[in-house]
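Listed below, chain by chain, are the residues.
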Amino acid sequence: MATSDAPDTTPEFDTSQPTIARVYDALLGGKDNFAADREGAALYLKYVPDAGRCAIENREALVKGVHYLARVAGIDQFLDIGSGLPTQKNTHEAAQEINPNAKVAYVDNDPIVLAHGRALLATNNSTIVVTADLREPQGILDNQEIKDHLDFSRPIALMIVGIHMHFHDDEKPDEWVRTIMDQLVPGSYLFITDFVDTGEPLQKGMERAGLESLGNGWIRTPERIEQHFLGMPLVPPGLDFLARWFPEDPEGDVPAAEDLQPYQRILMAGIAKKV
Ligand code: SAM
């Protein structure tokens, strides 16, 4: 399927309403989106003119985190939930450029991700795409395709990248993540990025854009984001703004937070290890 304003011929996709995956794709400059999604993306750009850069930095952080996990932590199994539509460099490509044998299970609740992922991964036996919902974590753990693909007796990196913001705290998203982490062996990792609230107007603008376009997209204090890691220790440099976050080089020179552009202070990343 390609992008177009032509009549929709894929009845399983409702293209009249924006979806998270397709709005994000539009912000990244992708082609797998429809008019309603581009209107959603336009709302983001109205409140945060650099929202596209935020999305790109989030993808760059995803690659930084996967490289750390594959190269430094020696992880060769990735469970990437809320994986999104395929884009320039995906988790399996980032992992497999470090370890060609790395296995990835992509999970997303938007069926368009499965449709596009299958085409991309038709020739890649180390990667699968499954439609499932983080809100039903036991369903993900019980999914036969995932159980056949990943070895749960060995460490796995659970990736919840760029998705927490779409759940209100009242839904208790950390409990869904805990259900999965509880089933992973020590030596496993949890990799998260999320929208942050340190009191800046542009952060509030991001929340407003999300609420107006998608009905979700909340910002959280750093203290609250730290709770996503369920008390597990964070690897250096801990939780930080994406542009300052280099887990493979935590001692390297990084810009001071106040020297970043305001749009660079909207998302934070962190990786925790289950010990
Ligand atoms: N992880 C990718 C990244 O950071 O580049 C994509 C992030 S995108 C902003 C969020 C993704 O989470 C979308 O593809 C959306 O469909 C997916 N998503 C939202 N709610 C979900 C849920 N309850 N279960 C699984 N995936 C979900």
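- Per an unreviewed UniProt entry, the protein goes by the name S-adenosyl methyltransferase and belongs to Kribbella antiqua.

1. Some remarks on the site of the ligand
Argument step 1. Lining the immediate environment of the ligand, one finds 20 residues, of which Tyr24, Gly82, Asp108, Asp133 and Val161 sit closest.
Argument step 2. Contact distances for the ligand include 2.7 Å between an oxygen atom and a side-chain N or O atom of Arg59.
Argument step 3. One of the backbone N or O atoms of Gly82 is found 2.7 Å from a nitrogen atom in the ligand.
Argument step 4. Within the complex, the protein chains bury 97% of what would otherwise be the 600 Å² of accessible surface of the ligand.
Argument step 5. Where the shell around the ligand is concerned, the elements lending two or more residues are α1 (20-27) and α3 (51-72).
Argument step 6. With three residues, α1 is the largest single contributor of residues to the shell around the ligand.

2. Digging into the nonpolar core
Argument step 1. Counting 53 residues, the largest nonpolar core has Tyr44, Leu69, Phe78, Tyr189, Met206 and Ile271 as the members making the most contacts within it.
Argument step 2. Broken down by element, the residue count for this core peaks at 10 residues, all from α3.
Argument step 3. When sequence neighbours within four positions are dropped, the list of residues in contact with Ile271 reads Gly65, Tyr68, Leu69, Tyr189, Leu190, Phe191, Phe229, Pro233, Leu234, Val235 and Trp245.
Argument step 4. Within the second largest apolar cluster, 35 residues are counted, among which are Leu79, Ala105, Phe241 and Met268.

3. Topic: the pairing of strand β5 (residues 189-195)
Residues in a regular strand point their side chains to alternate faces of the sheet.
Argument step 1. In terms of burial, β5 is largely enclosed, as seven of its seven residues are buried.
Argument step 2. Burial along β5 is two-sided: the residues Tyr189, Phe191, Thr193 and Phe195 and Leu190, Ile192 and Asp194 are all buried.
Argument step 3. As defined by bridge partners, strand β4 (residues 157-161) adjoins β5 across five bridges and the pair is classed as parallel. What sits directly across from Ala157, in β5, is Tyr189.
Argument step 4. As for the winding sense of the linkage, the β-α-β connection from β4 through helix α8 (residues 173-181) to β5 is right-handed.
Argument step 5. Looking at chain direction, β5 and strand β7 (residues 267-273) are connected through seven bridges and run antiparallel. Opposite Tyr189, over in β7, you have Lys273 as the bridge partner.

4. Observations concerning helix α5 (residues 111-121)
Argument step 1. The set of residues buried in α5 consists of Ile112, Val113, Leu114, His116, Gly117 and Leu121.
Argument step 2. Elements that come into contact with the buried residues of α5 comprise α1, α4 (91-96), β2 (103-108) and β3 (127-131).

5. Here we look at the packing of α1 against helix α2 (residues 35-47)
Argument step 1. At their nearest, the axes of α1 and α2 sit 8 Å apart, and the two run at 60 degrees to each other. By the angle class used here, α1 and α2 are oblique. Remark: the crossing between α1 and α2 carries right-handed chirality. Contact with α1, carried on its side by Arg22, Val23, Ala26 and Leu27, involves Asp37, Arg38, Gly40, Ala41, Tyr44 and Leu45 of α2 and no other residues of that element.
Argument step 2. The residue inventory of the contact of α1 with α2, partitioned by class, reads six nonpolar, one polar and three charged.

6. Focus on the packing of aromatic side chains
Aromatic ring pairs are reported here in terms of the distance separating the ring centres and the angle at which the planes meet.
Argument step 1. Across all of its chains, the model carries three aromatic pairs by this definition.
Argument step 2. For the ring pair Phe191 and Trp245, a centre distance of 5.5 Å and an interplane angle of 25 degrees mean the geometry is stacked. Here Phe191 is found in strand β5, whereas its partner Trp245 is found in the loop between β6 (240-241) and β7, with 54 residues between them in sequence. Of the two residues, Phe191 and Trp245, neither departs from the other in class, the shared state being buried.
Argument step 3. A cation over an aromatic ring shows up here: Lys64 above the ring of Phe246, its NZ or CZ 3.9 Å from the ring centre.

7. A word on the sheet that holds strand β1 (residues 77-81)
Argument step 1. One open sheet accounts for seven strands, arranged β3-β2-β1-β4-β5-β7-β6; its pairing is mixed. Two strands close off the open sheet at either side, each with one partner strand: β3 and β6.

Reading guide: rules and limits
Residues numbered from 1 in each chain as written. Predicted model: local features only at pLDDT ≥ 70, side-chain atom pairs only at ≥ 80, totals over all residues. Heavy atoms only, no water. Near = heavy atom within 4 Å. Polar contact = N/O pair within 3.5 Å; in protein donor to acceptor, adjacent residues only side chain to side chain. Areas by Shrake-Rupley, 256 points an atom, 1.4 Å probe, with all protein chains shown as cover. Helix = DSSP H or I, 4+ residues; strand = E, 2+ residues; numbered from the N terminus. Core = buried A, V, L, I, M, F, W, Y, C linked by side-chain atoms within 4.5 Å. Buried < 20%, exposed > 50% of the residue type's maximum accessible area, 1.4 Å probe, protein only. Contact = heavy atoms within 4.5 Å. Pairing = 2+ DSSP bridges. Right-handed = clockwise from strand over helix to strand, strands pointing away. Axes fitted to C-alpha atoms, helices over the stretch in contact; angles between N-to-C directions. Parallel < 35°, antiparallel > 145°, perpendicular 65-115°, else oblique. Left-handed = near helix turned anticlockwise from the far one by under 90°. Nonpolar A, V, L, I, M, F, W, Y, C, P; charged D, E, K, R; others polar. Phe/Tyr/Trp six-rings, centres within 6.5 Å; stacked < 30°, edge-to-face > 60°. Lys NZ or Arg CZ within 6 Å of the ring centre and 35° of its normal.

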